[in-house]
Amino acid sequence: MDKTTQNAINAARVLAVEAIQKANSGHPGLPLGAAPMAYTLFARQMNHCPKNPSFFNRDRFILSAGHGSALLYSLLHLFGYGVTKEDLMSFRSLGSKTPGHPECDRTPGVETSTGPLGQGVANAVGFALAESMLAARFNKDGLDLVDHYTFALCGDGCMEEGIEYEAASLAGTWGLGKLIVLYDSNDISIEGNVSIAFRDDVARRHEAQGWQVITVPNGEDIDAIEGAIRLAKADKQRPSLIVVKTTIGYGSPKAGSADVHGSPLGEAGVKETKKALGYNAKPFEVPADVSKHYAEIIENLNKGEAEWNKTVKAYKAAYPDEYELFNKFVRGKTPDESEFEELYSLFSKKADATRNTSGAVLNKLAEILPNFVGGSADLAPSNKTYLAGLGDYGAENRTGRNLHFGIREHAMAAICNGLVLHGGFHVFCGTFFVFSDYMKNAMRMSALMELNMTYVLTHDSIGVGEDGPTHQPVEQLAGLRSIPNLKVFRPADGRETAAAYISALTGKGPTCVVCSRQNLTPFAGSGEDALFGGYIVSDSESELPELILMASGSEVELALKAKEAMQNPNVRVVSMPCMELFDKQTQKYRDYVLPSKCRARIAIEAASSSPWGKYVGLDGGYVCMDTFGASAPAEKLFEIYGFTVDNVLAVAKKTLARVKKAALDQ
């Protein structure tokens, strides 16, 4: 390796540790050890365009080991992505382009937010999945509109996480030959040598999962690393794992130890590291020969988009209709509500489970949107997520629109995040509601990145019945409602189900559509108003109601029956399918639905009472469920746990008495 190239690699190392030192916070171990492989990829083997980071046919790079963010930022600085010296000096500072872990939409060149270990690998599977589906749909002989690789860099910690096992298994099954994972194998984690808790043969495990595995014994040998990447690219039938043996904290006084994983080196340590590397530049400065070296690489990289544009021009001339459809896929335009109005007319007055009405909506959406894809964690027959007649995606059929994730909930959600982030598709995935716990962190990442993802979560309560408390969700609604940027819809009939999907596709951020197993009776007036999140479904005769019954999902029908039994004209029934949307309405609208002067309010929901406090107030009542369920027929369980007209009437009587007493006490 010539001296300039070595200095170019060391520049990435040193800028990273200087940024960490200035912040007095960060992880220098990975940047020092993994810099040669990252440089080799960015400089020699990755097709990317620094002047236009969003160039569509670029190779994607995901730093799954997100704690090594300082390395990524130093590379983005050196490769001309608009990350400045000042940005590096602001590492981990409030509002900077260089947060502690990579965040997409904050830093140019960052494809996905990472940090929870292993999820980046699953995201990468989603990116590679998207590339393969688009390529199969649009590429023509000699005119490949879609032809790029997905690279991920991960560490020992990623390999220990269960989500990596799940995602790697599926990537091998799908034969994602354009997925290449670089494994920074340094045998060190926070607590010490990984052998205290992890002795897997990672290479053989991935081989068993259908991967090509290549080992590079010396992480400083960039020619060997480049050769390994070339070999990986040559195998189009299998994803590739490149195991690169590195030294954590290379060049530093703490090299090879756990001490260098997550603590700054100290001023003296930075100086010793620079001396050991033979790197003499002032802090945050790059030597002239290194700057010239990178400038030459950048100039060549920036030509890639122009070459692709020639292909685009030829494709457009030869296949104008296909080109127009391709643009519709990839431009990411948010649909308008008017495009989906026909969904409301799919349903009659027949009682049906919302898992069934959800299935009907999904299939209609697949007709309307040619890039609507998704699947389930081995539950499609139960949660009605199968798109009829649209084929099953796999190594043998890249055009299938049904994705079979197997029983891998966590990886499923993270893969779908990658699929959305890549661009080109409207995406949904499904499982039983209780198993949303398995994938909650990936759902949280959907919300953090405000991805337009749809989660179909069926079997929503004790209505699951005989399967018992292990399968009956109680606290899950409260848990998901607590996640910022996540909409949680629990529709009460088919038309509310249609509204849930319309909101999901036309809004921003992820949406959960939480559906019943048991049949629900449609009610007059449901549908479009559900887009407000909460609305009046049966009003009181007086302008100010005496009592308000609030409910979601299957319990709206119970609330309506309870009002009828009360024979009180001054009772209002409110359907609350989506609290998050209701809370975003104007104060005027919220006061219209839930007037503050009416303090007699009852929340009715077969789930935890905790989310309802903000609407119920101090004087209201609850018909909710704050215990686990039991194994019995659903009808019996609803009776046992108080979801009956008689119990609602009893709670109403107590609530009205309490409100009356409170008024007299004032």
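Being a predicted model, the structure only gives us computed values, none of them experimental. (Residues numbered from 1 in each chain as written. Predicted model: local features only at pLDDT ≥ 70, side-chain atom pairs only at ≥ 80, totals over all residues. Heavy atoms only, no water.)

Digging into the pairing of strand β7 (residues 240–245)
Along a regular strand, successive side chains alternate from one face of the sheet to the other.
Then, number 1: Of all six residues that make up β7, five are buried, and the element is covered over most of its length.
Then, number 2: Here strand β3 (residues 179–185) pairs with β7 via six bridges, running parallel. In the strand pairing of β7, V181 is matched with L241.
Then, number 3: With five bridges joining them, strand β6 (residues 212–216) and β7 adopt parallel strand pairing. If you follow T215 over to β7, its bridge partner there is V243. (Buried < 20%, exposed > 50% of the residue type's maximum accessible area, 1.4 Å probe, protein only. Helix = DSSP H or I, 4+ residues; strand = E, 2+ residues; numbered from the N terminus. Pairing = 2+ DSSP bridges.)

A short note on a negative patch on the surface
Then, number 1: Side chains of D336, E337, E339, E341, E528 and D529 sit close together on the surface and give a patch of like negative charge.
Then, number 2: Structurally, E339 is set in the loop between α13 (320–330) and β8 (352–353). (Patch = residues over 30% accessible without salt bridge, like charges linked within 9 Å, V, L, I, M, F, W, Y side chains within 5 Å. Areas by Shrake-Rupley, 256 points an atom, 1.4 Å probe, with all protein chains shown as cover. Salt bridge = Lys/Arg side-chain N within 4 Å of Asp/Glu carboxyl O. Lys, Arg positive; Asp, Glu negative; His and termini not counted. Charge placed at Lys NZ, Arg CZ, Asp CG, Glu CD.)

Description of the side chain of T497
Then, number 1: Considering the arrangement of structural elements, one finds T497 in helix α19 (residues 494–506).
Then, number 2: Once you skip the residues sitting within four places of it in the chain, T497 turns out to touch T354, T357, S358, V361 and P491. (Contact = heavy atoms within 4.5 Å.)

What about the sheet that holds strand β18 (residues 571–575)?
Then, number 1: With mixed pairing, the five strands of this open sheet are ordered in space as β16-β18-β17-β19-β20. At either margin of the open sheet sits one strand with a lone partner, and together these are β16 (535–538) and β20 (621–623). Taken over all neighbouring pairs, the strand axes of this sheet differ in orientation by 30° on average, direction set aside.
Then, number 2: Pairing of strand β17 (residues 547–551) with β18 involves five bridges; the strand directions are parallel. Paired with L547 across the two strands is V571, which belongs to β18.
Then, number 3: Most of the contacts of helix α25 (residues 645–665) go to β20, to which it runs at about 170°, and overall it touches β17, β19 (601–604) and β20. (Axes fitted to C-alpha atoms, helices over the stretch in contact; angles between N-to-C directions.)

Some words on empty space enclosed by the protein
Then, number 1: Counting across every chain of the model gives two cavities of 30 Å³ or more.
Then, number 2: There is about 50 Å³ of room inside the largest cavity.
Then, number 3: Lining the largest cavity are F61, I62, L63, L72, P102, G109, V110, E111, T112 and T114.
Then, number 4: Take the lining of the largest cavity: its biggest share by element is three residues, from strand β1 (residues 60–63).
Then, number 5: Residues that form the lining of the largest cavity fall into these classes: six nonpolar, three polar and one charged.
Then, number 6: Its volume calculated, the second largest cavity comes out at about 40 Å³.
Then, number 7: Surrounding the second largest cavity, S113, T114, G115, P116, Q119, G120, N123, M445 and M449 form its lining. (1 Å grid on protein atoms, 1.4 Å probe; cavity = no way out; pocket = protein on both sides within 12 Å on 5 of 7 lines; lining within 4 Å. Points joined across faces, edges and corners; volume = space filled by probe spheres on them. Nonpolar A, V, L, I, M, F, W, Y, C, P; charged D, E, K, R; others polar.)

Remarks on the packing of aromatic side chains
Then, number 1: Applying the stated criterion to the full structure yields 24 aromatic pairs.
Then, number 2: Ring centres 5.1 Å apart and planes at 80° place the aromatic pair F79 and Y294 in the edge-to-face group. Of this pair, F79 sits in the loop between α3 (69–78) and α4 (85–89) while Y294 sits in helix α11 (residues 288–301), placing them 215 residues apart in sequence.
Then, number 3: One aromatic cluster is present, formed by F55, F56, F138, W308, F326, F329 and F425 through successive ring pairs. (Phe/Tyr/Trp six-rings, centres within 6.5 Å; stacked < 30°, edge-to-face > 60°.)

Looking at unusual backbone geometry
Then, number 1: With a phi angle near 60°, H459 is a residue other than glycine that sits in the positive phi range.
Then, number 2: Tracing the chain through its elements places H459 in the loop between β12 (453–458) and α18 (476–481).
Then, number 3: The residue Q567 is not glycine, and still its phi comes out positive at about 50°.
Then, number 4: By the element assignment, Q567 lies in the loop between α20 (555–566) and β18.

Brief notes about the pattern of salt bridges
Then, number 1: Under the defined criterion, the tally for this structure stands at 28 salt bridges.
Then, number 2: Across the pair E322 and R137 runs a salt bridge, and its minimum N-O distance is 2.9 Å. Of this pair, E322 sits in helix α13 while R137 is found in helix α5 (residues 119–138), placing the two residues 185 residues apart along the sequence.
Then, number 3: On the accessibility criterion, E322 (18% relative accessible area) is buried.
Then, number 4: Here the residues in one salt-bridge network are R44, D223, E226 and R230, joined through shared partners.

Focus on α3
Every α-helical turn comprises 3.6 residues, leaving residues that sit three or four positions apart pointing alike.
Then, number 1: Of all ten residues that make up α3, ten are buried, and the element is covered over most of its length.
Then, number 2: Along α3, the residues that are buried comprise S69, A70, L71, L72, Y73, S74, L75, L76, H77 and L78.
Then, number 3: In the core, the buried residues of α3 are packed alongside α1 (3–23), α2 (29–45), β1, α4 and α11.
Then, number 4: Immediately downstream of α3, the backbone of G80 shows phi near 75°, a positive value.

Some points on the environment of S93
Then, number 1: Along the polypeptide, S93 turns up in the loop between α4 and α5.
Then, number 2: Sequence-wise, S93 and E450 are 357 residues apart; in three dimensions their C-alpha atoms are separated by 22 Å.

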